[in-house]
Amino acid sequence: MIVSGTQLAKEIKEKVKNDVAKAVEIYGRPPHLVVILVGEDPASQSYVKGKGKDAEEVGFKSTTILKPDTITEQELLDLIESLNNDDSVDGILVQLPLPAHIDEDKVIETISLSKDVDGFHPLNVAALWQKRDCIYPCTPKGVIQLLDKAGVKIEGKKAVVIGRSNIVGLPVSKMLLDRNATVTIAHSRTQNLPSVTSEADILVVAIGRPKFVTEEMVKPGAAVIDVGVNRDPATGKLCGDVDFDTVAQKASVITPVPGGAGPMTRACLMQNTLECFLRRQNDKR
Ligand code: GUN
């Protein structure tokens, strides 16, 4: 079974769009998402364009701010502060990675917690790990929704996550744990990785290496979620971290690249922006 992230993302955005229409009636305006891109990295440009397109599709007010990579750290922090103080802005997203002269941690910390649609603020991360009310980061939230959509039972299952980044590996592991999976976090230095992954009922791969997971690493009937976005060195085409053609023969559920976790990340950003908007509106009352 190939689970289409594109299809599920469409359904999620349809629901957000309906909720936005209701929000406009109640609050008099739609949510406003501001996306900041520093520099001209082509992959980031394409991600930011997609986010703006989805935001418009669901009826948000969408602003994209492009800054040259000569912007100083202080100028970027000042820009974020001005958006924090602007009551008409509900969500602020700074596309990562940033140029080396800008401290990413400082940038993430500066975004107001109430407008942190990425869920990257350290207080939000702490809330996630303490099982308190939080904004779930977009890609992990998309992974869980893909598993649910595919009818994969998470509770009691063995999940293996390959990758331990702040953006995907760590939060998705915590979210699987909170759904009562038994979770192993593996990474590039895990010894005998195939012996670990072939135990997995649920395998989430976010290591950033083209076609890294091959058929012999996968348990028959496993659910495989591929979060990778790479260029296939042989063909130059977009490909995931999983060798789709061979692994699809063995897995019971698999996500394609493109068309899997990518569109889901964007759909979850729309959910998070609406959530930040509604929380801010309700806090005002
Ligand atoms: N770069 C790669 N993924 C993400 C993401 O989810 N949010 C931001 N802001 N930057 C990213």
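Residues numbered from 1 in each chain as written. Predicted model: local features only at pLDDT ≥ 70, side-chain atom pairs only at ≥ 80, totals over all residues. Heavy atoms only, no water.

**Q** Would you explain the overall build of the protein in this entry?
**A** For the protein, the helix and strand inventory stands at 10 helices and 10 strands. Computed over C-alpha atoms, the radius of gyration of the protein comes to 19 Å, within 12% of the 19 Å expected from 2.2 N^0.38 for 285 residues, which places it in the range of a compact globule. Of all 285 residues assigned to the protein, the portion counted as buried reaches 49%. Sequence-distant contacts in the protein: of pairs separated by 6 or more residues, those separated by 24 or more amount to 70%. A total of about 13,500 Å² of accessible surface is found on the protein, and carbon and sulfur atoms cover 51% of it. Looking at the protein, you have 35 positive and 38 negative side-chain charges, and the mean spots of the two groups are 5 Å apart. (Helix = DSSP H or I, 4+ residues; strand = E, 2+ residues; numbered from the N terminus. Rg over C-alpha atoms; globule rule 2.2 N^0.38 Å. Buried < 20%, exposed > 50% of the residue type's maximum accessible area, 1.4 Å probe, protein only. Contact = heavy atoms within 4.5 Å. Areas by Shrake-Rupley, 256 points an atom, 1.4 Å probe, with all protein chains shown as cover. Lys, Arg positive; Asp, Glu negative; His and termini not counted. Charge placed at Lys NZ, Arg CZ, Asp CG, Glu CD.)

**Q** Is there a simple way to think about the pattern of salt bridges in this case?
**A** Oppositely charged side chains are able to pair whenever their charged atoms sit close together. One pass over the structure, following the stated rule, counts 19 salt bridges. The partner of Lys-149 in a salt bridge is Glu-11, with the nearest N and O atoms 3.0 Å apart. A residue pair is termed long-range when its members are at least 10 positions apart, and Lys-149 in helix 6 (residues 138-149) and Glu-11 in helix 1 (residues 5-27) qualify at 138 residues. Judged by relative accessible area, which is 44%, Lys-149 ranks as partly exposed. With its nearest N and O atoms 3.5 Å apart, the salt bridge here joins Asp-133 to Arg-279. Separated by 146 residues along the polypeptide, Asp-133 in the loop between helix 5 (122-129) and helix 6 and Arg-279 in helix 10 (residues 261-284) bring together distant segments of the chain. Its relative accessible area of 65% is what places Asp-133 among the exposed residues. According to the relative accessible area criterion, Arg-279 is partly exposed, its value standing at 30%. Among the charged side chains, a salt-bridge network with shared partners connects Lys-13, Lys-53, Asp-54, Glu-57 and Arg-266. (Salt bridge = Lys/Arg side-chain N within 4 Å of Asp/Glu carboxyl O.)

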